[in-house]
Amino acid sequence: MSEPAAEPAGVFDCRNAFAETLEALAEADPRIVTVVNDSLGSSKLGGFKKRFPERTINVGIAEQNLVGVGAGLANGGKIPFVSAASCFLTARAMEQIKADVSYSNVNVKLIGQSAGIAYGELGPTHHSIEDIAWLRLLPNLAIVVPSDPWETAEAVKAAAAHDGPIFVRISRFPVPAVPRSDGARFEIGKAEILREGTDAAVITNGVMLHRAMAAADRLVKDGLNVRVINMSSIAPLDVEAIRSAADTGAVVTVEEGSVRGGLGGAVAEVMSTSRPAHLRVLGFPGFVPTGSVDFLFEHFGLTAEGIATAVRDVVAATES
């Protein structure tokens, strides 16, 4: 698979943050190893292999073996970062993730690269819109969807320190850095409130976060103060942050994934059982065709204006 052109100014490929952080962690901890499925380049782990060739294992295009080898290394006291395209990692190796990693509660770090629709024109075989829905069913498995380079680096650090299995979902297309306060910190299981608001709440994560922030800026002109919540931790889930969002009466979830079973499904489960409110779930409603990333986001309304329109609709529903 060909690599994208150099990053435009002001946006960043989160895979680079993953690779740089992992190399720094490996320098300090000899237990850290990588396992790839002929995906050294797309995982940005070429530098890791040069520095730690004896700690880089390439199993070839064999995802079930990939996860099994990772589980074996973990049982041997290593901290394996098992990295592959999310579409192949979570679909082809689902049985191994379930039995060898999740049910067994083994200390494997699963890295789903180029997730969502990041492969664009390579089409439905390479789209990964179901991964969160599948993995959210499994016990013991933490799930994190970082939004930008800073959060990606923090998520990788947290994954290395986490005692147990974890899945980190990383995109390949460039995104801007999300503005944060100097005291910002990442914690597995905790939501991040990036903007306060009482008229509605947008709950999102990953590459949708900066779009949600832009939508909130637009809605100020409509007289709406919208809370923006970064729910990068899907499991464990910050239930109290969701309940607090529901207190606004109008909630919109936005995800680069299927509307069935992912972030929106997790939020709906909490709201329907403990804090009912008007809810709109934005994402991909089903089959996603071949097309550029920009075309697909526009086509399915996953833009700042699309998010703003959804918020206006939900707020209007609360007033009717």
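My aim in this report is to walk through the structure given alongside it, one point at a time.

Here we look at the side chain of serine 233
Among the structural elements, serine 233 can be located in strand S10 (residues 233-235). Reaching out from serine 233, the side chain makes a polar contact with the backbone nitrogen of glycine 189 at a distance of 2.8 Å. There is a polar contact of 2.6 Å between the side chain of serine 233 and the backbone oxygen of proline 236. In this structure, serine 233 is in contact with Ile143, Ile188, Gly189 and Lys190, ignoring residues within four places of it in sequence.

What about the pattern of salt bridges?
Side-chain pairs of opposite charge can arise where the charged atoms are in close proximity. Per the counting criterion, the structure on display carries 21 salt bridges. The partner of glutamate 305 in a salt bridge is arginine 218, and the shortest N-O contact between them spans 2.9 Å. Taken together, the positions of glutamate 305 in helix H12 (residues 304-319) and arginine 218 in helix H8 (residues 209-220) put the pair 87 residues apart, joining distant regions of the chain. In the salt-bridge network here, residues are joined through shared partners; they are Asp148, Glu151, Arg180 and Glu192.

Considering the nonpolar core
Core analysis: the biggest nonpolar cluster contains 62 residues, and Phe18, Phe81 and Phe297 have the highest contact counts within it. Not counting residues up to four positions away in its chain, the partners in contact with phenylalanine 18 are Ser43, Leu45, Phe81, Ser83, Ile111, Gln113, Thr152, Val156 and Ile170. In this structure, Val35, Leu89, Phe167 and Ala246 belong to the second largest nonpolar core, which totals 40 residues.

Re the environment of alanine 184
By secondary structure assignment, the location of alanine 184 is in the loop between strand S6 (166-169) and strand S7 (192-195). Spatially, the C-alpha atoms of alanine 184 and glutamine 96 are 35 Å apart, while their sequence positions differ by 88 residues.

So, the packing of aromatic side chains
Tallied over the full model, the rule gives 3 aromatic pairs. Ring geometry for phenylalanine 173 and phenylalanine 297: centres 5.7 Å apart, planes at 70°, overall edge-to-face. Highlighted residues: phenylalanine 173 in the loop between S6 and S7 and phenylalanine 297 in helix H11 (residues 293-299), separated in sequence by 124 residues. For phenylalanine 173, a relative accessible area of 12% translates into the label buried. Judged by centre distance (5.2 Å) and plane angle (90°), the rings of phenylalanine 284 and phenylalanine 300 are edge-to-face. One end of the pair, phenylalanine 284, is in strand S12 (residues 278-284); the other, phenylalanine 300, is in the loop between H11 and H12, and 16 residues separate them in sequence. You can call phenylalanine 300 buried: its relative accessible area is 18%. If you follow arginine 55 out to its NZ or CZ, it ends over the ring of phenylalanine 52, 4.5 Å from the centre.

A word on the packing of helix H3 (residues 63-75) against helix H5 (residues 94-102)
Helix packing geometry: the angle between the two helix axes and the distance between the axes. Relative to each other, H3 and H5 sit at 5°, their axes nearing to 9 Å. If you check the angle between H3 and H5, you find them roughly parallel. Judged by residue contacts, Gln64, Val67, Gly68 and Ala71 of H3 engage Gln96, Ile97, Asp100 and Val101 from H5. A class-by-class count of the residues in the contact of H3 with H5 yields 4 nonpolar, 3 polar and 1 charged.

Considering the pairing of strand S4 (residues 109-113)
Put simply, side chains in a regular strand alternate between the two faces of the sheet. Summarising burial for S4: 5 of the 5 residues are buried, a large majority. Of the two faces of S4, the one holding Lys109, Ile111 and Gln113 and the one holding Leu110 and Gly112 are both buried throughout. Relative to S4, strand S3 (residues 79-85) runs parallel, the two being bridged by 5 bridges. Considered in S4, the bridge of valine 82 is made with leucine 110.

Concerning the side chain of aspartate 13
Along the chain, the position of aspartate 13 falls in the segment before helix H1 (14-28). Looking at aspartate 13, its side chain comes within polar contact range of the side chain of arginine 15, at 2.7 Å.

Looking at the environment of serine 171
Considering the arrangement of structural elements, one finds serine 171 in the loop between S6 and S7. Overall, serine 171 belongs to the buried group, its relative accessible area being 8%. Separated by 24 residues in the primary sequence, serine 171 and serine 147 have C-alpha atoms spaced 8.9 Å apart. If near-sequence neighbours (up to four positions away) are discounted, serine 171 is found in contact with Asp13, Cys14, Arg15, Ser114, Ala115, Ala118 and Val207.

Notes on the sheet that holds strand S5 (residues 142-144)
As summarised here, the arrangement of the 7 strands in space is S2-S1-S3-S4-S6-S5-S10, forming an open sheet in which the pairing is mixed. The open sheet terminates on both sides in strands that have one partner only, identified here as strand S2 (56-58) and S10. Neighbour to neighbour, the strand axes of the sheet diverge by 20° on average, direction disregarded.

Quick notes on the pairing of strand S9 (residues 226-230)
S9 sits mainly inside the fold: 5 of its 5 residues count as buried. A two-sided burial pattern is seen for S9, the buried positions comprising Val226, Val228 and Asn230 on one face and Arg227 and Ile229 on the other. Summarising the sheet, S7 and S9 pair through 3 bridges and their orientation is antiparallel. Note that in S9 the partner of isoleucine 193 across the bridge is isoleucine 229. In terms of strand pairing, strand S8 (residues 200-204) meets S9 through 5 bridges, oriented parallel. Residue threonine 204 lies in a different strand from S9, and its bridge partner there is asparagine 230. As a crossover connection, the stretch from S8 through H8 into S9 is right-handed.

Rules behind the numbers
- Residues numbered from 1 in each chain as written.
- Predicted model: local features only at pLDDT ≥ 70, side-chain atom pairs only at ≥ 80, totals over all residues.
- Heavy atoms only, no water.
- Helix = DSSP H or I, 4+ residues; strand = E, 2+ residues; numbered from the N terminus.
- Polar contact = N/O pair within 3.5 Å; in protein donor to acceptor, adjacent residues only side chain to side chain.
- Contact = heavy atoms within 4.5 Å.
- Salt bridge = Lys/Arg side-chain N within 4 Å of Asp/Glu carboxyl O.
- Core = buried A, V, L, I, M, F, W, Y, C linked by side-chain atoms within 4.5 Å.
- Buried < 20%, exposed > 50% of the residue type's maximum accessible area, 1.4 Å probe, protein only.
- Phe/Tyr/Trp six-rings, centres within 6.5 Å; stacked < 30°, edge-to-face > 60°.
- Lys NZ or Arg CZ within 6 Å of the ring centre and 35° of its normal.
- Axes fitted to C-alpha atoms, helices over the stretch in contact; angles between N-to-C directions.
- Parallel < 35°, antiparallel > 145°, perpendicular 65-115°, else oblique.
- Nonpolar A, V, L, I, M, F, W, Y, C, P; charged D, E, K, R; others polar.
- Pairing = 2+ DSSP bridges.
- Right-handed = clockwise from strand over helix to strand, strands pointing away.

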